[in-house]
Every structure is written in structure tokens, then in C-alpha cells.
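Breakdown of the fold
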Amino acid sequence: MVLSSDCVVVFVLRDSGVRGSLASGRIEPLPDMTLNIYNSHGALNEYISSARLRSWRVFSHGTPLPDWSHVMPEDAEALAKQV
């Protein structure tokens, strides 16, 4: 899925619990319910991909996309909104 100002991934990092978001590049879901996140040049961003993610959700125009999330209970509030 290609990210843009209209399609944003919001995530929480596993080790630090830091919340972040991206609106450029692309994402690829993995079988273990994590994501690979690629920058706008197509390079994998290893720092925020795969096992480094604890939770994530994709928003389109501010609304969560069905079937495009994996949210742990402790991150539900942090990922409830795009902003």
C-alpha cells in the first residue's frame, strides 16, 4: 500500500513505546501481523519495520481502514486517532 497525505500509517515501536506516523513510502503486511515499511525510494526502513513494531494502524482520510491494523490493548488509545 502506498502512503500519502491521505493514507497514513500510525505505529508504536516495540522497545520504546514511542508513537510515530508516516505519510510517504509504502507498507507491506507480513504474516506475523507486522509490517515492512519502505521509504519513498523503495528502501526498507529497518528501524521501524517488522519485529520493531508493537502496534500499527492505517488511516485513510482520518478513518481507520478495516483489516489494516494490528493493535495491542496497551496501544489502543494511542492509535485511536490519526493525529
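Here goes a summary of the coordinates provided. (Residues numbered from 1 in each chain as written. Predicted model: local features only at pLDDT ≥ 70, side-chain atom pairs only at ≥ 80, totals over all residues. Heavy atoms only, no water.)

1. Quick look at the sheet that holds strand β1 (residues 7-13)
What counts is decided by this rule: One bridge is not enough; two strands pair if DSSP finds at least two bridges between them. Only DSSP runs of H or I reaching four residues or more are called helices, and only runs of E reaching two or more are called strands; each is numbered from the N terminus. Between the N-to-C directions of two axes lies an angle of 0 to 180 degrees, each axis being a line fitted to C-alpha atoms and, for a helix, fitted only over the stretch in contact.
Judged by pairing direction, the sheet is antiparallel, and its four strands sit side by side in the order β2-β1-β5-β6 without closing on themselves. Of all strands in the sheet, those with a lone pairing partner are β2 (19-22) and β6 (63-70), marking the two edges. Between one strand axis and the next, the sheet turns by 25 degrees as a mean value, whatever way the strands run. Pairing of β1 with β2 involves four bridges; the strand directions are antiparallel. Bridge pairing links Phe11 to Gly20 in β2.

2. Considering the nonpolar core
Worth spelling out the cut-off: Nonpolar cores are built from buried Ala, Val, Leu, Ile, Met, Phe, Trp, Tyr and Cys residues. Side-chain atoms within 4.5 Å join them into one set. Exposure categories follow from relative accessible area, calculated using a 1.4 Å probe and restricted to protein chains: below 20% of the type maximum is buried, above 50% is exposed, and the middle band is partly exposed. For this analysis, residues touch if any pair of their heavy atoms sits within 4.5 Å.
Ranked by size, the top nonpolar core spans twelve residues in total: Leu3, Cys7, Val9, Phe11, Leu13, Ile27, Leu35, Ile37, Ile48, Leu53, Trp56 and Val58. For this core, the element with the most residues is β1, which contributes four residues. With residues near it in sequence (within four places) discarded, Ile48 still touches Phe11, Leu13, Leu22, Ile37 and Leu53.

3. A word on the pairing of strand β3 (residues 26-29)
Both β3 and strand β4 (residues 35-38) contribute to a ladder of four bridges, which runs antiparallel. Note on β4: the bridge partner recorded for Glu28 is Asn36. Turn length for the β3-β4 hairpin, with the two strands adjacent in sequence and antiparallel, is five residues, and the turn residue Met33 shows positive phi of about 70 degrees.

Functional significance is not addressed by these values, which are geometric in nature.
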